[in-house]
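# Report on the structure
Single-letter residue listing:
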Amino acid sequence: ISRCAAPGEAAVSYRVLHDGVELKPEEMPAQVAAATGKPVTDMAVELVFSDGRHIHIIESAMPLFAPDGRVRGAVITGSDISKLKRSENDLRRSEERQRLVLRASSLGTFELDLLTGESIWNEAEFELFGLSPGSPQTGPDTFFRFVHPDDLQMMQDRWEEAKRTGKLDVEFRVVRADGQERWVAGKGGFFSEGGPEERDPGAGGKAPRFMGVNFDIT
């Protein structure tokens, strides 16, 4: 890098970090490959430049052998993943904001795998039904068990309708585990991680997952 700089251009120094810890010169991929004769693959490093720039790189190094078999050096390649890192950080911050909003609004969320029957509830969803967070029974049967008897048939009909239309938007009553009655608004929809062409054949061509939210409107 230094040798190919334009004449008169000031050299820019930088530090190399891996998992937040600065590497010693002998710990860098090229030096390790040259010292051991073994390749170093896909090592994530961060370059912190003296002018304030931060660049994230995935590096790999291969030992370079002389005709007699001795290691004479190493060849190193690097791929700049700074944009990916920024996207990951933006996504993480977005998810943190979403969790904060959900906690503040007591909005229950759930996701149901229609192929396995497994579902995931957030803490507010457990609290909505008067259950302790992490209770093992969180499938469709659990949900319908807490629906008010007078609303049960309506909810079952709306669920079957949602399977045809792809969307659910309903208000109903629940009887919590502690016996309290509450009015709940529920919204949700069916989806697949890819497009329709990627839907699981085992689901009959339908989206294999349902994601929804429930909130107390008592």
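So, how was this worked out
The numbering scheme is per chain: residues are counted from 1 as the chain's sequence reads. The model is predicted, so local features are restricted to residues of pLDDT at least 70 and side-chain atom pairs to those at 80 or more, both for listing and for counting; the totals for chains, interfaces and linings are taken over all residues. Processing note: side-chain calculations cover all non-hydrogen atoms of the structure and skip hydrogens and water entirely. Each helix is a run of DSSP H or I of at least 4 residues and each strand a run of E of at least 2, with the numbering of both proceeding from the N terminus. Strands are labelled as partners when DSSP assigns at least two bridges between them. Buried residues of nine kinds, namely Ala, Val, Leu, Ile, Met, Phe, Trp, Tyr and Cys, make up a nonpolar core once their side-chain atoms join them within 4.5 Å. Three exposure classes are used, based on accessible area relative to the maximum for each residue type with a 1.4 Å probe and protein chains only: buried under 20%, partly exposed in between, and exposed over 50%. Residues count as neighbours in contact if any of their non-hydrogen atoms are within 4.5 Å of one another. Axes here refer to lines fitted to C-alpha atoms; in helices the fit is confined to the stretch in contact. Angles between the N-to-C directions go from 0 to 180 degrees.

### With respect to unusual backbone geometry
The phi dihedral of Asp19 falls on the positive side, at around 55°, and the residue is not glycine. Counting through the fold element by element, Asp19 comes out in the loop between strand S1 (14–18) and strand S2 (21–22). For Asp42, which is not a glycine, the phi torsion comes out positive at approximately 50°. Along the chain, Asp42 turns up in strand S3 (residues 40–49).

### So, the pairing of strand S4 (residues 54–65)
Here S3 pairs with S4 via seven bridges, running antiparallel. Within S4, the residue paired with Val40 across the bridge is Ala61. Linking S3 to S4, which pair antiparallel, is a turn of four residues; within it Gly52 sits at a positive phi near 100°. Here S4 runs beside strand S5 (residues 71–80); their pairing, made up of nine bridges, is antiparallel. Counted as the bridge partner of Phe65 is Val71 from S5. Between the end of S4 and the start of S5, which pair antiparallel, lie five residues, with Gly69 showing a positive phi angle near 95°.

### Examining the nonpolar core
Membership of the largest hydrophobic core comes to 21 residues, with the highest contact counts inside it found for Phe129, Phe143, Met155, Phe172 and Phe210. Among the elements that make up this core, the one with the highest residue count is strand S8 (residues 167–175) (four residues). Residues within four places of Phe143 in sequence aside, it is in contact with Phe129, Met155, Phe172 and Asn214. Ranked by size, the runner-up nonpolar core spans 11 residues in total, among them Leu23, Ala33, Val40 and Met43.

### Re the sheet that holds S4
With antiparallel pairing, five strands are arranged side by side in an open sheet as S2-S1-S3-S4-S5. Edge positions in the sheet fall to S2 and S5, since each has one partner strand and no second. Pairing of S1 with S3 involves four bridges; the strand directions are antiparallel. Counted as the bridge partner of Arg15 is Val48 from S3. Along the sheet, helix H1 (residues 29–36) makes contact with S3, S4 and S5, crossing S5 at roughly 150°.

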